[in-house]
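Architecture at a glance
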Amino acid sequence: WAVVAFFFIAALSLLVSTYRGVSIREFRVIIVEPVLLYFLLRQVPLDEKQHLHLVDALLMAGVAMSVLGLYQYFISGDVIVAEGVRRVRGIYASPNNLSLLLGRIIPFALSFPIVGRGWRRRWYGISLLPLAFCLFLTYSRGGWLLSFPAAALTVGLLRGRRTTLFAL
């Protein structure tokens, strides 16, 4: 119900938009598409192994985007120069969009080395290197000050008191 309420509140915000065309496009991309994906995933009965496969695919996408971003930064020079720094953007028009993606993937990559088992524990731990480095090179203050710290704190809270203290 929280997702439904969020959807309708976001839809109501279109009524007061100054740039309605841009707002409708952003509403579709940022609200409608993720909500549809959420409901599709909720409708399909998945077991734990299938959930892990989805998380694996998300992590692989994040690592691929990070490797592309690092390639752009160090080799091709296809970056955005703003405020005196070179900012990685990946396939996005803005480095902040890449930061949003990485900010949603890093919590998974951070949690599996702490609570995971087997090969995922190592793989997810290793994947943190390009993910975190690419997030740093986006120079996105939101990513630095919100995404990564919130991810660390969330993992800590889910894991227990000792891990929460470590995250803090």
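For the structure, see preceding data.
Below, the structure is looked at part by part. Within every chain, residues take consecutive numbers counted from 1 along the sequence as written. Side-chain atom pairs in this predicted model are given and counted only at pLDDT of 80 or more, local residue features only at pLDDT of at least 70, and totals for whole chains, interfaces and linings cover all residues. Note that the side-chain values use all heavy atoms of the structure and ignore hydrogens as well as water.

All right, on to unusual backbone geometry then. Within the chain, glutamate 83 stands out as a residue other than glycine whose phi angle is a positive 55 degrees. Here a strand is any run of E in DSSP of at least two residues, a helix any run of H or I of at least four, and the numbering for each starts at the N terminus. Mapped onto the secondary structure, glutamate 83 falls in the loop between strand E1 (80-82) and strand E2 (85-87).

Right, let's talk about the side chain of glutamine 72 for a bit. Among the structural elements, glutamine 72 can be located in helix H3 (residues 48-76). For glutamine 72, a relative accessible area of 5% corresponds to the buried category. By definition in these notes, contact holds between two residues if any of their heavy atoms fall within 4.5 Å. Those residues in contact with glutamine 72 that sit more than four places away from it in its chain are Gly77, Asp78, Val79, Arg86, Val88, Arg89 and Gly90. Using a 1.4 Å probe on the protein chains alone, a residue whose accessible area is under 20% of its type maximum counts as buried, one over 50% counts as exposed, and one in between counts as partly exposed.

So, about helix H6 (residues 141-159). By definition here, a helix of n residues has an expected span of 1.5 Å times n minus one. For H6, spanning 19 residues, the distance from its first C-alpha to its last is 27 Å, which sits close to the expected 27 Å at 1.5 Å a residue. Among all positions of H6, only Gly143, Ser147, Ala151, Ala152, Val155 and Gly156 are buried. Buried residues belonging to H6 abut helix H4 (95-115), helix H5 (118-137) and helix H7 (161-167). Backbone geometry just after H6 places glycine 160 at a positive phi near 140 degrees.

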